[in-house]
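Secondary and tertiary structure notes
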Amino acid sequence: MTTTVPDVTDQYPTRQDEAPRVIPRQDPVVQGTAEQGPLDAEALRGFDERGYLTIEKLISDEELRLFREELHRMAHDPTVKADERTVVEAKSQEVRSIFDIHRSNEVFRRIAEDPRVVERARQILGSEVYIHQSRINYKPGFVGKDFTWHSDFETWHAEDGMPAPRAVSISISLTDNYSFNGPLMIMPGSHKHYISAAGGTPEDNFKQSLVMQGAGVPDPDTLTEFADRFGIDVLEGPAGGAIMFDSNCMHASNGNVTPYSRSNVFIVYNSVENTPVEPFAAPAPRPEFLGSRDFTPVGG
């Protein structure tokens, strides 16, 4: 099957050459102003420079209790576990991720549409936003696996058809993030440099990549250059806090061999001015639960 050519110019070609290359970002990171939302000018400057920001306390203790109860219930519900939107660990069969939770679950729908989150996303992206993807990530103690270095935008561009990195993700912590239980790691500043990956995209690549990223993973030499240049921030923080980061940040997380689980609610907001077209480097778009084709603005 051949890849369908999209109707817009591809400014971020990937998976087309035998060797990787680095392309300067073509688009601004922050497209809103301090007057347009809750983030002040300093916070916006920091996001532009580092590609991420932290929120020490986003949700209340009561909300955290409710989310944790729902997290536990869903992980032990046989119906949820059997759903195609649920990904399980290959060996332990523990739940790894549950996708599309803003549609399938009322508890998590409310936080995905909450002004505390949506207004920050609108402000950074400078437009109305819709939810491109949502999920709960579980990283249970002892068996939670790692996720290697990657840029989300590279996948969303190649396999979902997202034209530009005008999207932002928020990870709301439901458990404490320690340095030792597999927290998010980001190379600050890497979001301004796009790594065009070598190789192609296998058909139905998402089935494998949800368990362990394969196609689109940067090569070791380029990752080493990035780590030497940008460093690596390990994002620790208490339950109830959150991290917002740019879609092109180079990020990863280690496996969890500790007794302490590391779980979060993960929501991706994309600008309504950046809606996906046909995939840029894949035979067909991924399923709707991975890359939404419903571009209805949140709160609209």
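This text follows the structure it describes.
Residues numbered from 1 in each chain as written. Predicted model: local features only at pLDDT ≥ 70, side-chain atom pairs only at ≥ 80, totals over all residues. Heavy atoms only, no water.

1. Points about the nonpolar core
Applicable threshold: In this description, a nonpolar core means a group of buried Ala, Val, Leu, Ile, Met, Phe, Trp, Tyr and Cys residues linked to one another through side-chain atoms lying within 4.5 Å. Between buried and exposed lies partly exposed: a residue is buried under 20% and exposed over 50% of the maximum accessible area for its type, with that area taken using a 1.4 Å probe on protein chains only. Whether two residues are in contact is decided by their heavy atoms, any of which lying within 4.5 Å being enough.
Membership of the largest hydrophobic core comes to 42 residues, with the highest contact counts inside it found for I124, I170, I172, M244 and Y269. With near-sequence residues (within four places) excluded, I124 lies in contact with V29, V30, Q31, G32, L39, L44, F47, L53, V168 and M244. Membership of the second largest hydrophobic core comes to 16 residues, among which are F153, I186, I243 and C249.

2. Let's talk about the pattern of salt bridges
To keep it simple, the criterion reads: Each salt bridge in this description consists of a side-chain nitrogen of Lys or Arg and a carboxyl oxygen of Asp or Glu lying within 4 Å of one another. Per the convention used, a helix needs a DSSP run of H or I reaching at least four residues, while a strand needs a run of E reaching at least two, with both numbered from the N terminus.
Tallying each qualifying case throughout the model produces 22 salt bridges. When the shortest N-O distance is used, the salt bridge between R73 and E70 registers 2.7 Å. Of this pair, R73 and E70 are both found in helix α2 (residues 61–75), three residues apart, which corresponds to roughly one turn of the helix. The buried category is assigned to E70, whose relative accessible area is 13%. Overlapping salt bridges, with partners in common, bring together D83, R85, D100, R103 and E288 in one network.

3. Some remarks on the sheet that holds strand β12 (residues 250–253)
Condition: Note on pairing: two strands pair once DSSP finds at least 2 bridges between them.
Sheet architecture is open: four strands sit in the order β6-β12-β8-β10, paired in antiparallel fashion. The sheet terminates laterally at β6 (147–151) and β10 (233–234), the two strands that pair on one side only. Alignment of strand β8 (residues 184–186) against β10, held across two bridges, turns out to be antiparallel. Within the sheet, the bridge partner assigned to I186 lies in β10 and is D233.

4. So, the sheet that holds strand β4 (residues 95–99)
Condition: Here an angle of 0 to 180 degrees is reported between the N-to-C directions of two axes, which are lines fitted to C-alpha atoms, with helices fitted over the stretch in contact.
Sheet architecture is open: seven strands sit in the order β2-β11-β7-β13-β5-β4-β3, paired in antiparallel fashion. Either end of the sheet is taken by a strand with one partner, and the two such strands are β2 (52–55) and β3 (86–88). Sheet twist, expressed as the mean angle between neighbouring strand axes with direction ignored, is 15°. Strand direction decides the pairing type here: strand β7 (residues 167–173) and strand β11 (residues 242–246), joined by five bridges, are antiparallel. Looking at β11, one finds that I172 is bridged to A242.

5. Regarding the layout of surface pockets
Condition: Here a cavity means grid points, on a 1 Å grid over the protein atoms only, where a 1.4 Å probe fits yet cannot get out; a pocket means an open set of points with protein on both sides within 12 Å along at least five of seven lines; lining residues are those with an atom within 4 Å of a point. Grid points are joined across faces, edges and corners, and a volume is the space filled by probe spheres set on the points. For this classification, Asp, Glu, Lys and Arg are treated as charged, while Ala, Val, Leu, Ile, Met, Phe, Trp, Tyr, Cys and Pro are nonpolar and the rest, including Gly, are polar.
Its boundaries defined by the atoms lining it, the largest pocket holds a volume of some 270 Å³. Along the wall of the largest pocket there are 15 residues; nearest its centre are A75, H76, E94, Y138 and P140. Tallying contributions element by element places α2 first for the lining of the largest pocket, with four residues. Taken together, H102, R103, E113, Y130, I131, S292, D294, T296, P297, V298 and G299 make up the lining of the second largest pocket. Those elements that provide at least two residues to the lining of the second largest pocket are α4 (101–104) and β5 (129–137). Across the lining of the second largest pocket, the residue classes break down as four nonpolar, four polar and three charged.

6. Some words on the pairing of strand β13 (residues 264–271)
For β13, the tally of buried residues reaches eight of eight residues, placing the bulk of the element in the interior. Across the two faces of β13 the burial is the same, with N264, F266, V268 and N270 and V265, I267, Y269 and S271 all buried. In this sheet, β13 lies alongside β5 in antiparallel orientation, the contact comprising eight bridges. Counted as the bridge partner of Q133 is V268 from β13. Of the strand pairs in this sheet, β7 and β13 are connected by seven bridges, and their pairing is antiparallel. Each residue of the ladder has a partner; that of A167, found in β13, is N270.

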